[in-house]
Amino acid sequence: MIRYSLSCERGHAFESWFASSSAYDKQAKRGLVACPVCGSTKVDKAIMAPRLARSDKTIDVPAPTPAAAPTPAAAPEPQGTEPVAMISPQERELRTKLKELRDHLVKNSENVGRKFPEQARKMHYGEMKHRSIYGEASPQEAKELYEEGVEFHPLPILPDERN
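Conventions adopted
In this convention, every chain numbers its residues from 1, walking through the sequence in written order. With pLDDT at 70 or above as the cut-off, local features in this predicted model cover only qualifying residues; side-chain atom pairs require 80 or more to be listed or tallied, and sums for whole chains, interfaces and linings still use all residues. Derived side-chain values reflect all non-hydrogen atoms in the structure, with water molecules and hydrogen atoms excluded from consideration. Going along the chain from the N terminus, every DSSP run of H or I of four or more residues is numbered as a helix, and every run of E of two or more is numbered as a strand. The contact definition used throughout considers only heavy atoms, calling two residues in contact when any of these lie within 4.5 Å. Here the accessible surface of atoms and residues is derived via Shrake-Rupley with a 1.4 Å probe, and residues count as covered only by protein chains that are part of the display. Note on definitions: salt bridges are taken to be side-chain nitrogens of Lys or Arg within 4 Å of carboxyl oxygens of Asp or Glu. Partly exposed describes any residue whose relative accessible area lies between the buried limit of under 20% and the exposed limit of over 50%, with all areas from a 1.4 Å probe on protein chains only and scaled to the type maximum. Note on aromatic contacts: the rings of Phe and Tyr and the six-membered ring of Trp form a pair at centre separations within 6.5 Å, being stacked when their planes are under 30 degrees apart, edge-to-face when over 60 apart, and tilted otherwise. Note on pairing: two strands pair once DSSP finds at least 2 bridges between them. Angles here are taken between N-to-C directions and fall from 0 to 180 degrees, while the axes themselves are lines fitted to C-alpha atoms, restricted in helices to the stretch in contact. Note on terminology: a nonpolar core comprises buried Ala, Val, Leu, Ile, Met, Phe, Trp, Tyr and Cys residues joined through side-chain atoms within 4.5 Å. The predictor rates its confidence in each residue with pLDDT, a number between 0 and 100. Our angle categories are set so that under 35 degrees counts as roughly parallel, over 145 as roughly antiparallel, 65 to 115 as roughly perpendicular, and the remainder as oblique. Classification used: nonpolar for Ala, Val, Leu, Ile, Met, Phe, Trp, Tyr, Cys and Pro, charged for Asp, Glu, Lys and Arg, polar for all others including Gly.

Trainee: Go over the overall build of the protein, please, and point to the residues and values.
Mentor: Along the backbone of the protein there are four helices and seven strands. Secondary structure of the protein in N-to-C order comes out as β-β-α-β-β-β-α-β-α-β-α. Long-range pairs, those at least 24 residues apart, make up 42% of the contacts in the protein between residues at least 6 apart in sequence. Counting every atom, the protein has about 12300 Å² of accessible surface; 53% of that belongs to carbon and sulfur.

Trainee: Outline the pattern of salt bridges, listing residues and values.
Mentor: If charged atoms from side chains of opposite charge come close, those side chains can pair. Applying the stated criterion across every chain yields a total of eight salt bridges. The salt bridge partner of Asp103 is Lys99, with a shortest N-O separation of 3.1 Å. Of this pair, Asp103 and Lys99 both sit in helix H2 (residues 89-107), four residues apart, which is roughly one turn of that helix. Under the relative-accessibility criterion, Lys99 is labelled partly exposed at 46%. Its salt-bridge partner being Glu148, residue Arg121 comes within 3.0 Å of it at the nearest N-O pair. You can see Arg121 sitting in helix H3 (residues 116-124) and its partner Glu148 sitting in the segment after helix H4 (139-147), a full 27 residues away along the chain. Look at Arg121 and you get partly exposed, because its relative accessible area is 24%.

Trainee: So what about the packing of aromatic side chains? Which residues, and what values?
Mentor: All chains considered together, the criterion is met by three aromatic pairs. With a centroid separation of 5.1 Å and an interplanar angle of 80 degrees, the aromatic rings of Phe18 and Tyr24 are classed as edge-to-face. There is no split in this pair, since Phe18 and Tyr24 are both buried. Ring pairs connect the aromatic residues Tyr4, Phe18 and Tyr24, which therefore count as one cluster.

Trainee: Account for the sheet that holds strand E1 (residues 2-8), with residues named and values stated.
Mentor: The antiparallel open sheet is built from three strands, whose spatial order is E2-E1-E3. What marks the edges here is a single partner per strand, and that holds for strand E2 (13-18) and strand E3 (43-45). Adjacent strand axes in the sheet meet at a mean angle of 40 degrees when their direction is disregarded. With respect to the sheet, helix H1 (residues 21-29) is in contact with E1, E2 and E3, its orientation differing from that of E3 by roughly 160 degrees.

Trainee: Give a detailed account of the nonpolar core, specifying residues and quantitative values.
Mentor: Membership of the largest hydrophobic core is limited to 10 residues, which are Tyr4, Leu6, Cys8, Phe14, Phe18, Tyr24, Val33, Cys35, Cys38 and Val43. When contributions to this core are tallied by element, the ones reaching two or more residues are E1 and E2. With three residues, the top contributor of residues to this core is E1. Filtering out sequence-adjacent residues up to four positions away, Tyr24 remains in contact with Tyr4, Leu6, Phe18, Val33, Val43, Asp44 and Lys45. Formed by seven residues, the second largest nonpolar core is a distinct cluster that contains Phe116, Ala120, Ile133 and Leu145.

Trainee: Before we move on, can you summarise the confidence of the model for the protein with the specific residues and values?
Mentor: Summary statistics for the protein give a mean pLDDT of 77 and a share of 72% for residues scoring 70 or more. Confidence drops under pLDDT 50 across residues 49-75; counting only partners more than four residues distant or on other chains, this segment forms 20 contacts.

Trainee: How would you summarise the packing of H3 against H4 if you had to cite specific residues and measurements?
Mentor: Following both chains from N to C, one finds H3 and H4 inclined at 5 degrees, their axes separated by 10 Å at the closest point. Our classification of the angle between H3 and H4 gives roughly parallel. Contact with H3, carried on its side by Phe116, Pro117 and Arg121, involves Glu141, Glu144 and Leu145 of H4 and no other residues of that element. Looking at the contact of H3 with H4 residue by residue, the class counts come to three nonpolar, no polar and three charged.

Here it is as structure tokens:
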């Protein structure tokens, strides 16, 4: 698993986990990586500070916050407006399928909230009966589950769409 700091064309910064660098590249190329704030699929990797290890301790160097480019896209929005985008029919179909998948999973699963890592781990090791669940996990908890071989997937989250 690899965590990338990302930013969209509007300057929104966010993080996401990917199975590998090539997995990020493939998803980004297909327009599957979207900003959770505005939904833009024009996303780039932001500058990341490396984690420096020394024999006596580990130092985390904070990554600089990406500066907004002086373009019309980064200009402040006038009062009473919302960001808009035009998407292709293929992207609209993909978003519809992702929403249907999320709705199906939520409807047919139990929300275990912050107990997700514990419950998923117990099912993986046969300590409890397997059932469909969803909930919350920190990036560290997700990494640990992945390293233990627990199969799980993030729920797709899309900005609200108005039809």
